[in-house]
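Breakdown of the fold
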Amino acid sequence: MNAKQADKVATIVLYVIAGSVILILAALLGYILIQGVPHLSWHFLTAPATAFTAGGGIGVQLFNSFYLLFITMLISFPIALGAGIYLNEYANQKSRLTGLVRTAIEILSSLPSVVVGLFGFLLFVVQFKLGFSILSGAIALTFFNLPLLTRSVEESLRTIPNLQREAGAALGLSRWETVVHIILPAALPSIVTGIVLSAGRVFGEAAALIYTAGQSAPALNFADWNPFNVSSPLNIMRPAETLAVHIWKINSEGIMPDAAAVSAGASAVLIIAVLLFNFLARYLSNSLYKRLTATK
Amino acid sequence: MDEIRESLLKESKAARRDKFGRAISFSALLLIVVVVVSIFYFVASKGLATFFVNKVNIWDFLTGTKWAPGQVDAHGKAFVGAAPMITGSFLVTFLSALIATPFAIGTAVFMTEISPKRGAKILGPVTELLVGIPSVVYGFIGVSVLVPFMRATFGGSGFGILSGSMVLFVMILPTVTSMTVDTLKAVPRHYRESALALGATRWQMIYKVILRGATPGILTAVVFGMARAFGEALAVQMVVGNAALMPQNLTSPAATLTSVLTQGIGNTVMGSLENNALWSLALILLLMSLVFNTVIRAIAKKGAM
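Residues numbered from 1 in each chain as written. Chains lettered and ligands numbered in written order. Predicted model: local features only at pLDDT ≥ 70, side-chain atom pairs only at ≥ 80, totals over all residues. Heavy atoms only, no water.

For chain B, the name recorded in an unreviewed UniProt entry is Phosphate transport system permease protein, with Weissella halotolerans DSM 20190 as its organism. UniProt, in the comment section headed Function (unreviewed entry), describes chain B in these words: "Part of the binding-protein-dependent transport system for phosphate; probably responsible for the translocation of the substrate across the membrane." (UniProt positions renumbered as here; feature names shortened; annotations may be inferred.)

Going by the annotation in an unreviewed UniProt entry, the name recorded for chain A is Phosphate transport system permease protein PstA, with Weissella halotolerans DSM 20190 given as the source organism. UniProt's Sequence similarities (unreviewed entry) comment on chain A is quoted here verbatim: "Belongs to the binding-protein-dependent transport system permease family. CysTW subfamily." Its UniProt record, at the heading Subcellular location (unreviewed entry), says of chain A: "Cell membrane".

Shown next, in the form of structure tokens:
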């Protein structure tokens, strides 16, 4: 076989590989959407789940997923923002300590999420006696989310040219004032993109939640908005099974008669949510960029 | 005069605010480090208790093939052999990486060298979207499509190492592909031009120049995918069969470190041997993720030149 024939064969092989990958991926997405979307209805999205009879919904789980996401972001964003600012604006980039801290963040991001969940279980659920609760779940998800969010904040800050920092210093601003009034507003579009993308990841996470937020979804009274009542949706000390955990649980327990249909519908909802997060990230970063700068 | 002197020597408001901001942001960073250290401390203290408190021989633990921490043998020793799970974890990881690597490299080469337009239009966005799909969704598809298929093809229950590897293959494929695409794109354009100018065919250019230049990056992508596969819990747990036995063949039910952990930790009493043995499995997971991390760093260091 000469070089030209080899080239032709290789090209064909590459076409076949790429084609089969497209096929696999398309079949995957198609299967979830075709199986799942017909199950979606207002009733399915709002009704509470039923454990032993068919016809239950995912209302409580859907709410739990969003509420848990919100609480997680509430805890993790300030920490990630602070850490990102320090790493990019204050830290001595050449010092060994900074290198060590970066390694620690990298290690945290590579830990299996089930280990992070078990740590949350050990420390918060058992030692601090928070029980299976939204708070424990949100803290576990914060650990899981922090390294990625910190890195994305840091990278957003790094894209701001040093000219801006020098201009701030030349005007007599302290470093902190420069960061708060000049650097952060300039980096806002990409920071927001980072937040929304990490939200998509947090939304679908289940392994870290099984032993922290729990696997049960007690009925909620959506008329009661006092966060201290047990059945209030806003109570952060109640156990809260999320959508992803629900899919896992009904598939591994096998009690629910229509488990396949419910998990197909729930999977479709999860994927649509991830899609929406992706689009939202793109849209927000574009529109924020336009609003904050003079570009048209 | 004193007033001026005082105001000159006193710390300004801006300086105080700067100190405050610096302290706040530093404490946020410190918190992350504390979290990492305490994860290691707590998991290690629980995981090592099996060996120091329950006096299990560490060698027996790693090589024993019977996992039944509640039972004891004739000598009063508990059956805590983690070898079935360790083998299961490594098998699914290597198998899935073995299948995923050629597909990922082929697709990435197709996207960057053969048909960049279609790559950018179709494959790029789809892989990016699939990276974000939650792992339970992969597990659910595994249970509802793959397991019945395996049952029909190979007989048995359909649950097993092979099903686990296939689910992980599809799960890590988008990640490895998109990382490989990034490294292929980073190969300088003049490498391609020089190869073609020397009369190389497109395949010779790809095989002898581009893939060689991108080897460290591709290796990093594969190891990264393996780390993800090794640590994945629920998707594997749903299809692997959850029988803590040494895998006889690829289609018999088996278990991985993560699958035993997700199932067992809620059903054991804190501080008991059963529970401590599970934490030892978590410790193995933790150490393996450190190993993967080190490998990635070593590759990056060597590749940087």
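After that view of the structure, there is still more to cover.
**As for the UniProt feature "domain: ABC transmembrane type-1" (unreviewed entry) in chain B**
UniProt annotation of "domain: ABC transmembrane type-1" (unreviewed entry) refers to residues 86-296 of chain B when read in the numbering used here. Between the end C-alpha atoms of residues 86-296 of chain B the distance is 21 Å, and the span holds 79% helix and 0% strand. (Helix = DSSP H or I, 4+ residues; strand = E, 2+ residues; numbered from the N terminus.)

**Points about the packing of helix α5 (residues 113-127) of chain A against helix α6 (residues 134-158) of chain A**
In a packed pair of helices, the relevant descriptors are the angle between the two axes and the axis-to-axis distance. Residues and elements named next belong to chain A. Relative to each other, α5 and α6 sit at 140°, their axes nearing to 9 Å. By the angle between their directions, the pair α5 and α6 is classed as oblique. Crossing handedness for the pair α5 and α6: right-handed. Residue-level contacts link S113, V116, F119, F124 and V125 of α5 to S136, I139, A140, F143 and F144 of α6. Across the contact of α5 with α6, the residue classes tally to 8 nonpolar, 2 polar and no charged. (Axes fitted to C-alpha atoms, helices over the stretch in contact; angles between N-to-C directions. Parallel < 35°, antiparallel > 145°, perpendicular 65-115°, else oblique. Left-handed = near helix turned anticlockwise from the far one by under 90°. Contact = heavy atoms within 4.5 Å. Nonpolar A, V, L, I, M, F, W, Y, C, P; charged D, E, K, R; others polar.)

**A look at empty space enclosed by the protein**
Applying the stated rule across the entire model yields 2 cavities of 30 Å³ or more. Lining the largest cavity are A:S65, A:L68, A:L69, A:L141, A:V202, A:F203, A:L209 and A:T242. Contributions of two or more residues to the lining of the largest cavity are made by α3 (59-90) and α8 (175-204) of chain A. With 3 residues, α3(A) is the largest single contributor of residues to the lining of the largest cavity. Classifying every residue of the lining of the largest cavity by side-chain character gives 6 nonpolar, 2 polar and no charged. Along its surface, the second largest cavity is lined by A:S110, A:P112, B:A227, B:F230, B:G231, B:L285, B:M288, B:S289 and B:F292. At the level of secondary structure, the elements contributing two or more residues to the lining of the second largest cavity comprise α10 (215-231) and α13 (273-304) of chain B. With 4 residues, α13(B) is the single largest residue contributor to the lining of the second largest cavity. Here the residues of the lining of the second largest cavity sort into 6 nonpolar, 3 polar and no charged. (1 Å grid on protein atoms, 1.4 Å probe; cavity = no way out; pocket = protein on both sides within 12 Å on 5 of 7 lines; lining within 4 Å. Points joined across faces, edges and corners; volume = space filled by probe spheres on them.)

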